Amino acid sequence: MSNHVLAQNQYGKAENRIVTVTRKGDDGAWHEIRDLNVSVALRGEYRDVHLTGDNGNCLPTDTTKNTVYAFAKEHGVDSPEAFGILLARHFVSSQKVIHEAQIRIEEYAWERISVPSRKEQHSFARKGQEVRTAQITYSETTGLQVLSGLKELTVMNSTNSEFHGFIKDRYTTLREAYDRILATKVTARWANSASAAADAEHDWDASYGKVRRHMLEAFAETYSYSLQQTLHAMADRVLDHVSTVNEVRLNLPNKHHFLVDLEPFGLKNDNEVYFAADRMYGLIEGTIHRQGVQPVIATSDWITA
Ligand SMILES: O=c1[nH]c(=O)c2[nH]c(=O)[nH]c2[nH]1
């Protein structure tokens, strides 16, 4: 027997890729698709499976994979959050040794290719924009937690951004900027209220669209003196406008655009030609939440630009 301590552990099938086709209309010619990447993690009474080789408490990861596909057929995929809630509740309520289940979902968006002369609608182009994310945790003791989010949403303001007045020590070479490009690739997570999570009628697609819109509008409308200030404005705007969201965490890599020195060619660079550096990058991260709410979104995830 080992003298060492088995601490946090979880298991399940990761990255189950699943595409659903829902046929609508009298003849079923109008198709709707959802394209998901679903990961399952189960937590519970798993000492024996680790320590003794007794698999009596172990629901195979293969079964968790099958459950994901069978649930897509039986219940459909209404939204990543609704699908994750169904799965998380199922694992905890169907096996007494499972005390907590976490479902992580990424959704890849597709855009309809509309051909006016054709009434069938079954052609799509993958959207080059963000990946939608959801993490649903259901626990016997603490109940349901639904975190929604997005990643890989790249945005840019080609003006209305300055950065100056910062500390200058003996290592500082950065020049003050009074008109610069501000660009970032947004990773956002937001915690939904317990009442939204418990509401079977909650429209997750609508709340996703609202959060996304308010973040983008705040990015566009904020005259920025730092990416930190823009981060705060984006999260603040979401909390102001989406009452079911309690907490927002943003990870914003500063995608630096440096003015190219054109002097050697006898040319003046009037904020027109930039070198877009892909690394290194400033990484600005922060959580903003409502007064009186305990923050729940992990701050330690390693996000790269
Ligand atoms: O918006 C910015 N915030 C910083 O903290 C920073 N630091 C830096 O070098 N450039 C920038 N830009």
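Residues numbered from 1 in each chain as written. Predicted model: local features only at pLDDT ≥ 70, side-chain atom pairs only at ≥ 80, totals over all residues. Heavy atoms only, no water.

A. A look at the side chain of E130. Summarising the element assignment, E130 is placed in strand β4 (residues 124-139). Given the relative accessible area of 10%, E130 is considered buried. Polar contacts involving the side chain of E130 include one to the side chain of Y208, which spans 2.9 Å. Polar side-chain contacts of E130 include one of 2.6 Å to the side chain of R212. With residues near it in sequence (within four places) discarded, E130 still touches L150, K151, E152, L153, Y208 and R212. (Helix = DSSP H or I, 4+ residues; strand = E, 2+ residues; numbered from the N terminus. Buried < 20%, exposed > 50% of the residue type's maximum accessible area, 1.4 Å probe, protein only. Polar contact = N/O pair within 3.5 Å; in protein donor to acceptor, adjacent residues only side chain to side chain. Contact = heavy atoms within 4.5 Å.)

B. Layout of the pairing of strand β6 (residues 182-192). Summarising burial for β6: 10 of the 11 residues are buried, a large majority. In this sheet, β6 lies alongside strand β5 (residues 143-157) in antiparallel orientation, the contact comprising 9 bridges. Residue pairing across strands places G149 opposite R189, the latter belonging to β6. Across 7 bridges, β6 lies against strand β7 (residues 245-254) in antiparallel orientation. If you follow A188 over to β7, its bridge partner there is L250. (Pairing = 2+ DSSP bridges.)

C. Looking closely at the nonpolar core. Of all hydrophobic cores here, the largest spans 30 residues; its most connected members are V38, L42, F83, F91 and I103. For this core, the secondary-structure elements that each account for two or more residues are β2 (30-44), α2 (61-75), α3 (80-94), β3 (98-112), β4 and β5. Tallying contributions element by element places α3 first for this core, with 6 residues. Excluding its chain neighbours within four sequence positions, the residues that come into contact with F83 are L36, V38, V68, F71, A72, G76, V77 and I105. By size, the runner-up hydrophobic cluster in this structure holds 25 residues, among which are L153, Y208, A235 and V242. (Core = buried A, V, L, I, M, F, W, Y, C linked by side-chain atoms within 4.5 Å.)

D. Quick peek at the domain arrangement of the protein. Taken as a whole, the protein is organised into domain 1 (1-141) and domain 2 (148-304). Its C-alpha centre places domain 1 at a distance of 29 Å from the equivalent point of domain 2. Every contact between the two is made by 14 residues of domain 1 and, on the other side, 11 residues of domain 2. Between domain 1 and domain 2, the buried area comes to about 1,100 Å², and carbon and sulfur atoms account for 44% of it. The tally of links from domain 1 across to domain 2 stands at 4 salt bridges. E106 serves as the salt-bridge partner of K151, at 2.6 Å between the closest nitrogen and oxygen. Summed over the shared surface of domain 1 and domain 2, the number is 10 residue pairs in polar contact (both at pLDDT 80 or more). Residue assignment for the side of domain 1 that touches domain 2 shows that the elements contributing at least two residues are α3 and β4. The greatest single-element share of the side of domain 1 that touches domain 2, amounting to 6 residues, is contributed by β4. (Domains from an automatic or database assignment. Buried area = accessible area lost by both parts, 1.4 Å probe. Salt bridge = Lys/Arg side-chain N within 4 Å of Asp/Glu carboxyl O.)

E. Examining the site of the ligand more closely. Lining the immediate surroundings of the ligand are F163, L174, R180, S226, L227, Q228 and N254. Within the contact set of the ligand, an oxygen atom lies 2.7 Å away from a backbone nitrogen or oxygen of L227. Between a nitrogen atom of the ligand and a side-chain N or O atom of Q228, the distance comes to 2.9 Å. Considering only residue class, the shell around the ligand consists of 3 nonpolar, 3 polar and 1 charged. (Near = heavy atom within 4 Å. Nonpolar A, V, L, I, M, F, W, Y, C, P; charged D, E, K, R; others polar.)

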